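Listed here are the chains, written in short residue letters.
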Amino acid sequence: MTDFFSLPGLKQVHLDWLISKGVTVDAMINPEPMRIARGSEINGRFLHDPDGADWFAFAEGHDVVYWRAGTTKLATETGAAFALGQEVIDLPETYAFDCFLNVFADPLEWLQAGRDGVVVLDWSRAWARFHTVPRVALAEPVVVSFRRHFKPPIGPDVMVMKVARRAAA
C-alpha cells in the first residue's frame, strides 16, 4: 500500500480550484491534509501511474480514498474504506445536541461543508456501520441508495438535506 504521507501536497492550481468552489483551507487540511496522486481507477481501485490524471487523496484509517476533481469518480487503495470521513460515525459529538450524521452525495459537497459528515463509497457495507447511528441527514441524491440498502424496523432517524449544487469545472 502507498504511504499516504509520501504523496505530494496540493499545488497552487489545486488550491485555487478548491477555493473557487467554496472549500476552506481548514477543510483542505483537517483532520489530515489532502494529498495529490496521479493515476486512474479500475473497478473502484486506484492504480498509480505517473502519467495519469491528478486525483485528490484522503487518508481513511488503513486505506486511502482518491477523488478525481470535477467528477464523481472515487477509488480506494485497498478497499477497506467504505466512506470518506467515516471516522466521524463513531464520535459522540457527531450526534450531540440532536445533531445528525450528514451524508453527502459527492466529495465537493463534503469539502464545502468542512468535512462535516461522510460520502458513502460502498452502500452494501454502509448498513453495518450505520445501523447504530441515531440520526442521518441525507443529501437528496443519496436518498434512493439509502432506501435501497436500509430497511426498517431498525435504523437511524432520517432527514433529507437540501444542498445547493455548484457546477463542477
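This is a predicted model, so every value here is computed, not measured. (Residues numbered from 1 in each chain as written. Predicted model: local features only at pLDDT ≥ 70, side-chain atom pairs only at ≥ 80, totals over all residues. Heavy atoms only, no water.)

## A look at helix H1 (residues 12-20)
For H1, the complete set of buried residues consists of His14, Trp17 and Leu18. Down the axis, H1 shows its buried residues gathered within 95° of arc, on one side only. Those residues of H1 hidden inside the fold are in contact with helix H2 (25-29), strand E1 (35-42), strand E3 (53-60), strand E4 (63-67) and helix H3 (107-112). Looking one or two places after H1, you find glycine 22, whose phi comes out positive at around 90°. (Buried < 20%, exposed > 50% of the residue type's maximum accessible area, 1.4 Å probe, protein only. Helix = DSSP H or I, 4+ residues; strand = E, 2+ residues; numbered from the N terminus. Arc of directions from axis to C-beta. Contact = heavy atoms within 4.5 Å.)

## A closer look at a nonpolar patch on the surface
Taken together, the side chains of Ile19, Val25 and Ile29 define a hydrophobic patch exposed on the protein surface, amounting to about 260 Å² of accessible area. With a relative accessible area of 49%, isoleucine 19 lands in the partly exposed category. (Patch = residues over 30% accessible without salt bridge, like charges linked within 9 Å, V, L, I, M, F, W, Y side chains within 5 Å. Areas by Shrake-Rupley, 256 points an atom, 1.4 Å probe, with all protein chains shown as cover. Salt bridge = Lys/Arg side-chain N within 4 Å of Asp/Glu carboxyl O.)

## Points about empty space enclosed by the protein
Here the structure, examined in full by the defined rule, presents 1 cavity of 30 Å³ or more. Lining the largest cavity are Pro31, Phe58, Ala59, Glu60, Glu87, Trp110 and Arg115. Element by element, the count of residues in the lining of the largest cavity is highest for E3, at 3 residues. Taken together, the residues of the lining of the largest cavity sort by class into 4 nonpolar, no polar and 3 charged. (1 Å grid on protein atoms, 1.4 Å probe; cavity = no way out; pocket = protein on both sides within 12 Å on 5 of 7 lines; lining within 4 Å. Points joined across faces, edges and corners; volume = space filled by probe spheres on them. Nonpolar A, V, L, I, M, F, W, Y, C, P; charged D, E, K, R; others polar.)

## Observations concerning the nonpolar core
If you look at the biggest cluster of nonpolar residues, it comprises 41 residues, and the most contacted ones within it are Leu101, Val103, Val118 and Phe130. Sequence-distant contacts of valine 118, that is, excluding residues within four places in its chain, are made with Ala83, Leu84, Gly85, Gln86, Val88, Ile89, Leu101, Asn102, Val103, Phe104, Trp110 and Phe130. Membership of the second largest hydrophobic core comes to 9 residues, among which are Leu7, Ala37, Trp55 and Ala75. (Core = buried A, V, L, I, M, F, W, Y, C linked by side-chain atoms within 4.5 Å.)

## Some points on the packing of aromatic side chains
Aromatic ring pairs are defined here through the distance separating the ring centres and the angle between the ring planes. For the coordinates displayed, the defined rule picks out 8 aromatic pairs. Judged by centre distance (6.1 Å) and plane angle (75°), the rings of phenylalanine 82 and phenylalanine 130 are edge-to-face. Of this pair, phenylalanine 82 sits in the loop between strand E5 (74-76) and strand E6 (83-84) while phenylalanine 130 sits in helix H4 (residues 123-130); the two residues are 48 residues apart in sequence, bridging distant segments of the chain. There is no split in this pair, since phenylalanine 82 and phenylalanine 130 are both buried. Taken together, the ring pairs in this structure connect Trp17, Phe56 and Trp67 into an aromatic cluster. (Phe/Tyr/Trp six-rings, centres within 6.5 Å; stacked < 30°, edge-to-face > 60°.)

## A few points about H4
Count 3.6 residues to each turn of an α-helix, and residues three or four apart come out pointing the same way. Every buried residue belonging to H4 is among Trp123, Ala126 and Phe130, and all of these are buried. In a view along the axis of H4, the buried residues occupy a sector of 30°, so they form one face of it. Relative to its buried face, H4 has exposed residues pointing more than 90 degrees away, namely Ser124 and Ala128. As for H4, its buried residues are in contact with strand E7 (101-104), strand E8 (118-120) and helix H5 (143-149).

## A word on the pattern of salt bridges
Between side chains of opposite charge, pairing is possible as soon as their charged atoms come close. In this structure the tally under the stated criterion is 4 salt bridges. The partner of aspartate 54 in a salt bridge is arginine 38, with the nearest N and O atoms 2.5 Å apart. Of this pair, aspartate 54 sits in strand E3 while arginine 38 sits in strand E1, placing them 16 residues apart in sequence. In this structure, glutamate 140 engages lysine 162 in a salt bridge whose closest nitrogen and oxygen atoms are separated by 3.3 Å. Here glutamate 140 is found in the loop between strand E9 (135-139) and H5, whereas its partner lysine 162 is found in the segment after strand E10 (157-161), with 22 residues between them in sequence. By relative accessible area, lysine 162 is classed as exposed at 71%.

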